[in-house]
Structures are given as C-alpha cells and as structure tokens.
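In case you want the letters, here they are:
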Amino acid sequence: MRILTRYILREVISHALLGGALFTFVLFMRDLGHILELVVRDSASLTDVLRIFAYLLPNFLIVTIPMAVLVGILLGLSRLAADSEITAMRASGMGALDFVRIVSIVSAVAVGLGLFNSLYLAPRSAAATLALEASLSSSQASFEVQPRVFYEDFRNYVLYIQDVRPASGAALWRHVFLADITQPANPNITTADEAVVVGNDAQTIRLHLLNGGQHQTAPNDPNQYNISTFLSTDLPIATGSQEDPRLGRSDTPILALPLTELWRLRNSSSDLPGQPARIYRIEFNKRFSYPFACLVLMLVGVPLGISSKRGGKSTGFVLTIVLVFIYYFLSSLGVAFAKTGKLSPFLGVWGANLIFAAFGAILLYQMSRGGIALGLFSSLGASLDKLLARFTRGRQLAAAGNGNLDIATILRRFRSTFRVQFPLLLDDYVMREYATNFALVVFSFSTLFIIFTFFELIGDIIRNRTPLVTVGDYLINLIPYILYNVTPLCALVAVLVTFGTLSRSSEITAMKATGISLYRIVSPILITTLLISIGLFAFDEFYLPAANRRQEALRYTIKAKPARTFLRPDRQWISGQGGPSGTPMRIFYYQFYDPNKEVFANLTVFEFDPATFTLHRRIFAASAHWNEHINRWAFENGWERTFSGDTIASYQPFTLTTFPEIREQPGYFVKEDRPSQEMSYNELSSYIADLKQSGFDTKRLSVQLNRKLAYPLITLVMAILAIPFSLSMGKRGSLAGIATAIGLAIAYWVIDGLFQAMGNVNTLPAILAAWTPDLLFGIAGTYLLLRSST
C-alpha cells in the first residue's frame, strides 16, 4: 500500500504544482510590465524588484493554493482512471475511502501552507508593500517625467522638459518649463536651461535649477509683472499623492493588519471611522476560509476524479474549470452580500465552503454505494470525446454526401491542379492533430481568462446591480482581446503536445524510417502557424480595435463610471507646432476651449528661444476665437510682453488683434486620447504623428506600433522553439510538455516585458524594444531545431 500511496501522491502533486504555477503566472501578468519598468528606469534596484515579486506572491497564493489542489486531484485521478489504474487498485482491495485518505495528505499539507501564508506571510507582505511604496514614491515621481510631455502629477505644478539625460543617483533635465498653478488664472513661470533632480524625502523632490528665470504676474493688475534671473537655485516640489504604482491592491491597508489587530477590530461594538467593523469581520473569516477550501474541494474532487473513467484528462480539465468557477463565484457572491449587510460575515465568507462540503459528502456517499450524480459525471468525458470525434467525422461525411469527396480526394485534386507536393496525406494528419490541440488549448486558456475577469468584476456587478445581459455582452466582446493575447502561448502548447504525443507513440520514428526528414515533418506545422500569425495581424488590423472599444465601454458601465470620452477639449497645456530651425518654441495654456465654437477662454501663449529656452514673449487674452475670413486667431482683451534677459523689452495691451505667426488650426487643439489596442496599425501611426508635433510623449505608442507587427510573428517563433523541446521529451508525455510550455512562456513574457519597459523609457529604440524578443527566441529556436536529429 505504501508503494501505491507514493504513486498516487506523486501523480496528484505533479499536476497540482503545474496548475499552481500556471494560475500564479496568469495573475502575475497583470503587474509584470509595471514592475519591470521600475528596473529599466533605475527608480528601483534589482533587490527592490525581487522584493516586490516576493511581496505580491503571498496574496496570489491565497487564491491559487486551493485551485492547485483541485487541479492536482482531478487531473491526477482522471489520468489514473482513464488508464484503468483506478480499477486495478480497487480490484486489489482499495476502498473508496482509501483514496480519500491518501489524497487528504496533500490537502492537509495545503491547508497548513495556506494558513501559514494567509495568517503570517500575507499580512507582513502587504505591510512591507506599503513601506516599499512610500520609499519609492519620490524616486518614481522624478523618473516618470518624460521629455516633451506635460507632467501634471506634482502638487500645484505643471512641468515640461525637452530632454532627459541619465545621471548617477539623479536625473538631469534640459530646457525646463515649470508653471506654478496655485492660482490657475495667473500661473507663475520658472524656466531653466538645466535642472538636476534628486530625491529629498518620501514626499518631495529637489530641483537644482541652472541658468534660468522666474516670471510672476499680479492677479488683478496686468501692468504689474516681475522678472528675476538666476545662475542657480534650489526648488523643492511636493510629489503629492501619486497614482497607485500597482505594487499592491486598493485594500492593502486592511490586508496588512496582523491577526491580533484584526481580532480586536472585528470585535468592536461600533463601526470605526472610514471602515465599518463588518469589513474587519469579513477579512478575519477570509483568512481562514480560503485555506480550508483545500479540504472541501478535495471532498468534491476525489469522487469526480475517480469516476471519470473514459474521459481522462479532458474530463478532469473541464471539471476543474467548472468547479473553480462555481466555487469562486459563490465565494465572491457571499463576500459581496456580506459587505452590503445582506448576509452575516461568517455565512457570506464560509457559504461556498459549506455548500461544497455538503456536495462532497453526497458524492463520497455515492462513490461507495453508487448513484445518479456520479453516473452523470462518469459519462461526461466520453460525451466530450464523442462530440469531438463526431465533429471531425461530420465534416468529412458532409463533403462526401455533397459530391462523394473526402479529404484524400480534395488533396489529390489540389495537388494535381497546382502541381505541388503539399499537402500530402501525412501533412494533413499532422496538421489535423495540431489544429485539434490548438483549438482545445485556445478554448481552455480563454475560459480561464474569462473566469478570472469575472471574479474581478463580481463585486461591481452586485454592488451596481449590473444586468446580466450587460455582463454577458462585455464578456463576449472581451473574447477577441483574449484570443489575440493567448494565441502565441496556445501555439506553443499545441506544438509541444502534438509532437510530444507523436514522439511518445513512436510515430515520429516511423515517419523518419520511411525516409522523411524532420524538417519535412514539421513543415505543415510551421506553415499552419505562419497562416495563424498572418491572420492574427489581420484580426488586429480590421476587427480587434472596434471590439476593444466596445468591451472598454461596457466595462465602464459595469463599474458605474462615467463614460470615457476620447476627445479631450479640456487639455489645458499643449505645445505648438514645430517649425524650421530658429523658430520660437511655443506653449499654449488655457482654462477652457470649446471645439464646437472654436473659442478659448483665458489663453496664454509662451514663446521661448529654442537654443537657450529663455522666455522672450508672452501673450495673454481673456478670449480668442477663430476667424474663418482671415484664417487666423483673433485675440481679445489682453496684452503682449517681450523680454530681454531680466527686463521687459515691450508691453502692449490690446482690445482685438491677431498674430499671423501663430498658425495652429482649431482642430490642432482637440487631441484624441485613445489606447493603442483600440487602433489599427495605420490609425496608430497617424495618431503618433499627430501627437509628436503637439509635444506629447509618444515613446510608449511607438513601441506598441512596432509590436503590432512583432507580436503576431511570435506565434511562429514559439512554434519553432517548441519543436526541438517536444522531440526531446521522449516518453515523458504531455505533462512535461505543458510544464515546458509554462517555463518558456514565463521566460518570453519576462523578456518581452523588460524590453517593452526599456522602450517606454527610451533606453532602447522602439523598433528594437518590440522586435528583440522575437529575434532572441527565433534564433534560439532555429539553433535548437538545426541541431535536432533529422
């Protein structure tokens, strides 16, 4: 019995570790890009980044440990049942409860790990995350400033710089424009040729300004204007409350509370300021309920895994998806009801565990005595297999019924018509296996992403009473985005599984024995994957942007946020159009702009010497409107000042005037604020060109523009890389293939995220940032493929 115990535990644990790694990897993907950008900005050391990963991991493990246990039990036992090993074990005298006893070892260990994680590691990691965010806040503020883009996250300041240079322990800015908007109608302006930026403390940064000047106006007296120049001066700036750097979650302060403090707060007789006591009771119960979910999921998983005799892993995987969705749906639903007071905190948090425990007890009882429920589940796998086989055969029969044509006849006519030797029947066989595996993997990963997305939104759905029709419409429109993002990973897994299966069954050896080269064997896979890559680009070019716009609008509806407008007439700072060398640089500032009437209110125009960046003219107008007859802006009720060093060279008030040198058209001041995924390649290219001349940062968009070409091709690169790995797996089976796929996918996404971050901060040109991961993995895959035995 000890040998069988070790054998069953090894099967369950291997699948559990694989599933846990996959689920944790999916959760990490949301924060990976931002974390890697901290590295390339030098705003966080490599040690800090490793600490961030370590701090995030415990919060993810709270959710993924129970999921990993369920995956391990269902897939492990399903595999044993499919190979009739469960039948042999039961014939040798093992009873139904013996399997529960053996598998309960894994569940008990998982409960212990889960309790240690949720009660000890997770609170400390959340507290450490808060401390790390505070320590990084000032450095983040200084390094997030990008050249030729208006930065408005400093408290009461707007910053514009033309160039950024790296410096040891600091940042070096050239041609600095700083507007103090404490009084928005009369901003005080500071300009400098250079600025050295160093972190002062967690709340401020210090600017050491060189060769500049300050311009101040009186709020109620336009005739009063003060100018001062300096060779050097220091200016501290409060960083304010920055955007959440996404190192943690919005409820991190509650998660950071130790268990003793949480116990004290949960027993408070009245609600506390800012947080009702009920919230603390919910969090206290959650710290125990998720670890003990390993036991209740085990009670359900063992009978279902053993009963899936014919379906094998297909049944196990489908049951995993279904049970994970049901459990976390019930759990999220209960927590949402508990937060609104419709359920007690204990019942809301523990309700899913109680339901699954009762269901598991019923299934265990039927496992020993037989029952209808297990009979239904045991036939599920066979039904799935029959459905797939009927689908593949049905197409052939339909073709034969419409003209007595089968696949072989179609292929023969194709080859005779075009006089080519592709595809042969062997090619058709390999492509069919690959296409089947690819479709199954796409379905599996898409379902997982939809489930995770649904879990994220369930609280908003209940709180805002979103109709289920809206939720369904959102998830349907989300599917194209998911398909686009998971296709390369699915191609990788499909190639590994396909060639791993062919190698394990010695079919690859048989093909080689007939004189067929390995390169000829893999050619149908590569051709099919190339077509998928081309289709992926066409999909992104013609359909995906519209689908992304729809799903983004529906997401705002679910979250009860005001509909996001793409047009931004309220953008108050914008740089003028570039001109020939020597043309003054121009910055516009206004408090209001009506694009329909083409009218400004409180418009200020700053003109700078492009060589020294000193302010040499300033124009203010209470209003300005576009005159179509003269094709110019008409400025009303304002003044014009020109400067020479620290003196005012001229001052000219006006009632109505025009400035022919200001050539910007009305449409120039209405810019579209659209994410790159909501535009096609041509639209994004035009959008970047439009923003560049307006002085907005386009590095991130340029990286995404190049990725629209590079990303579809990574599907082919992944297939090339997967082939030698699949051939080297030998008899180890699909489990080793999936584990290899996860490892390669993690490597790719880390490298891709790192190079994207380097492109975003201008460390690398956009084209290198987008294409380098393709080149690296393509070279590695080609090298390994050429070294494979043909």
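The following refers to the structure shown. Each residue is numbered by its place in its chain's sequence as written, counting from 1. It should be noted that, the model being predicted, local features are given only for residues of pLDDT at least 70 and side-chain atom pairs only at 80 or more, the latter also being counted only at that level, while totals for whole chains, interfaces and linings use all residues. Only heavy atoms go into the side-chain values, all of them from the structure, while hydrogens and water stay out.

Next up on the list: the pattern of salt bridges. Salt bridges, as used here, are contacts in which a Lys or Arg side-chain nitrogen is within 4 Å of a carboxyl oxygen on Asp or Glu. All told, the structure shown has twelve salt bridges when counted by the stated rule. For Lys 708, the salt bridge is made with Asp 540, and the minimal N-O distance between the two is 3.2 Å. One end of the pair, Lys 708, is in helix α19 (residues 699-728); the other, Asp 540, is in helix α16 (residues 518-542), and 168 residues separate them in sequence. Across the pair, Asp 540 and Lys 708 agree in class, each one buried. With a shortest N-O distance of 2.5 Å, Arg 617 and Glu 661 are connected by a salt bridge. With Arg 617 in strand β9 (residues 615-627) and Glu 661 in the loop between β11 (647-658) and α18 (681-692), the pair connects residues that are 44 residues apart, well separated along the chain. Strands here are runs of E lasting at least two residues and helices are runs of H or I lasting at least four, both read from the DSSP assignment and numbered beginning at the N terminus. Under the scheme applied here, a residue whose accessible area is under 20% of the maximum for its type counts as buried, over 50% as exposed, and between as partly exposed, the area being computed with a 1.4 Å probe on protein chains only.

Moving on: unusual backbone geometry. Look at Glu 598: it is not a glycine, yet its phi comes out positive at around 60°. Within the fold, Glu 598 resides in the loop between β7 (585-594) and β8 (599-608). With a phi angle near 55°, Asn 631 is a residue other than glycine that sits in the positive phi range. Asn 631 gets classed as partly exposed once you look at its relative accessible area, which sits at 46%.

The rule is short: rings of Phe, Tyr and Trp, with Trp giving its six-membered ring, pair when the centres are within 6.5 Å, and they are stacked under 30 degrees, edge-to-face over 60, tilted in between. Inspection of the entire model under this criterion finds 36 aromatic pairs. Arranged with centres 5.3 Å apart and planes meeting at 20°, the rings of Phe 116 and Tyr 120 form a pair that is stacked. In this pair, Phe 116 and Tyr 120 both sit in helix α4 (residues 96-144), four residues apart, roughly one turn of the helix. Overall, Phe 116 belongs to the partly exposed group, its relative accessible area being 45%. Overall, the relative accessible area of 40% leaves Tyr 120 in the partly exposed class. Among the aromatic residues, those joined into a ring-pair cluster are Phe 588, Tyr 590, Tyr 593, Phe 600, Trp 626, Trp 633, Tyr 668 and Phe 669.

On to the packing of helix α6 (residues 259-266) against helix α7 (residues 277-307), then. Working convention: axes come from line fits to C-alpha atoms, limited for helices to the stretch in contact. Angles between N-to-C directions cover 0 to 180 degrees. The geometry of α6 relative to α7 is characterised by a closest axis approach of 8 Å and an angle of 135° between their N-to-C directions. With respect to α7, the axis of α6 lies oblique. As for the relative orientation of α6 and α7, their crossing is left-handed in sense. Taken together, the residues of α7 that come into contact with α6 (itself represented by Leu 259, Leu 262, Trp 263, Leu 265 and Arg 266) are Ala 277, Tyr 280, Arg 281, Glu 283, Phe 284, Arg 287 and Phe 288. To sort the angles, those under 35 degrees are grouped as roughly parallel, those over 145 as roughly antiparallel, those from 65 to 115 as roughly perpendicular, and the leftovers as oblique. Rotating anticlockwise by less than a right angle from the far helix to the near helix defines a left-handed crossing, while the corresponding clockwise rotation defines a right-handed one. It only takes one pair of heavy atoms within 4.5 Å for two residues to be counted as in contact.

Under the 1.5 Å per step criterion, the end-to-end length of helix α14 (residues 468-504) is only 46 Å for 37 residues, more than 12% shorter than the ideal 54 Å. A residue's bend is the angle separating two fitted axes: one through the seven residues that end there, the other through the seven that start there. The largest bend in α14 comes to about 45°, at Val 486, with the proline Pro 488 one to four residues further on. Of all 37 residues making up α14, 26 are buried, and the element is well covered by its neighbours. The length a helix should cover is 1.5 Å for every residue beyond the first.

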